Amino acid sequence: MTVGSDAAGVEDGARATDAGGASRLEPVFESVGDSVCWLERVCPDCGALIEERLPASCWRCGATVG
């Protein structure tokens, strides 16, 4: 989405005013996706996602994960 200098129709942010009265955009954060981090389940050698209980052997390359 392209935003012009007047920021009309902006859906990605909320308008705010700074101390000088100038209008600026602030990001709007929404809670989306999984709330847990899956990084510990990624194989460090090949990048496969491990679904078994950790520690486990990678199904793709055999490396120990977790």
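All of the points below concern the structure found in this document.

Reading the values: the criteria
Residues numbered from 1 in each chain as written. Predicted model: local features only at pLDDT ≥ 70, side-chain atom pairs only at ≥ 80, totals over all residues. Heavy atoms only, no water. Core = buried A, V, L, I, M, F, W, Y, C linked by side-chain atoms within 4.5 Å. Buried < 20%, exposed > 50% of the residue type's maximum accessible area, 1.4 Å probe, protein only. Contact = heavy atoms within 4.5 Å. Patch = residues over 30% accessible without salt bridge, like charges linked within 9 Å, V, L, I, M, F, W, Y side chains within 5 Å. Areas by Shrake-Rupley, 256 points an atom, 1.4 Å probe, with all protein chains shown as cover. Salt bridge = Lys/Arg side-chain N within 4 Å of Asp/Glu carboxyl O. Helix = DSSP H or I, 4+ residues; strand = E, 2+ residues; numbered from the N terminus. Lys, Arg positive; Asp, Glu negative; His and termini not counted. Polar contact = N/O pair within 3.5 Å; in protein donor to acceptor, adjacent residues only side chain to side chain. Disulfide = S-S within 2.5 Å.

Concerning the nonpolar core
Nonpolar side chains tend to gather and get buried jointly when the protein is soluble and globular. Formed by Cys43, Ala48, Ile50, Ala56, Cys58, Ala63 and Val65, the largest nonpolar core amounts to seven residues. Cysteine 58 has contacts with Cys43, Cys46, Ala48, Ile50, Ala63 and Val65, leaving out every residue within four places of it along the chain.

So, a nonpolar patch on the surface
On the surface, Val36, Trp38, Leu39, Val42 and Leu49 cluster together into a nonpolar patch covering about 460 Å² of accessible area. Among the structural elements, tryptophan 38 can be located in the loop between β2 (23-27) and β3 (56-57).

As for the side chain of arginine 41
Relative to the assigned elements, arginine 41 resides in the loop between β2 and β3. This buried residue, arginine 41, is left without a salt bridge; glutamate 40 holds the nearest opposite charge, at 4.9 Å. A polar contact of 2.7 Å, which involves the side chain of arginine 41, links it to the backbone oxygen of glutamate 52. Other than its neighbours up to four places away in sequence, arginine 41 contacts Ala48, Leu49, Ile50, Glu51, Glu52, Leu54 and Val65.

Topic: the environment of threonine 64
Along the chain, threonine 64 turns up in strand β4 (residues 64-65). As for threonine 64 and leucine 54, which are separated by 10 residues in sequence, their C-alpha atoms are 9.0 Å apart.

Considerations on the state of the cysteines
In total, this model carries zero disulfides according to the counting rule given. Summary of cysteine pairing: cysteine 46 is not part of a disulfide, and the nearest cysteine sulfur, belonging to cysteine 58, is at 3.5 Å. Its relative accessible area of 28% is what places cysteine 46 among the partly exposed residues. Between cysteine 61, a cysteine without a disulfide, and cysteine 43, which holds the nearest cysteine sulfur, the sulfur-to-sulfur distance is 3.6 Å.

Things to note about unusual backbone geometry
Glycine aside, residues mostly have negative phi angles, and peptide bonds mostly take the trans form. The omega torsion of the bond from leucine 54 to proline 55 falls at -5°, within 30 degrees of zero and hence cis. Here proline 55 is to be found in the loop between β2 and β3.

Function cannot be inferred from these measures alone, as they are strictly geometric.
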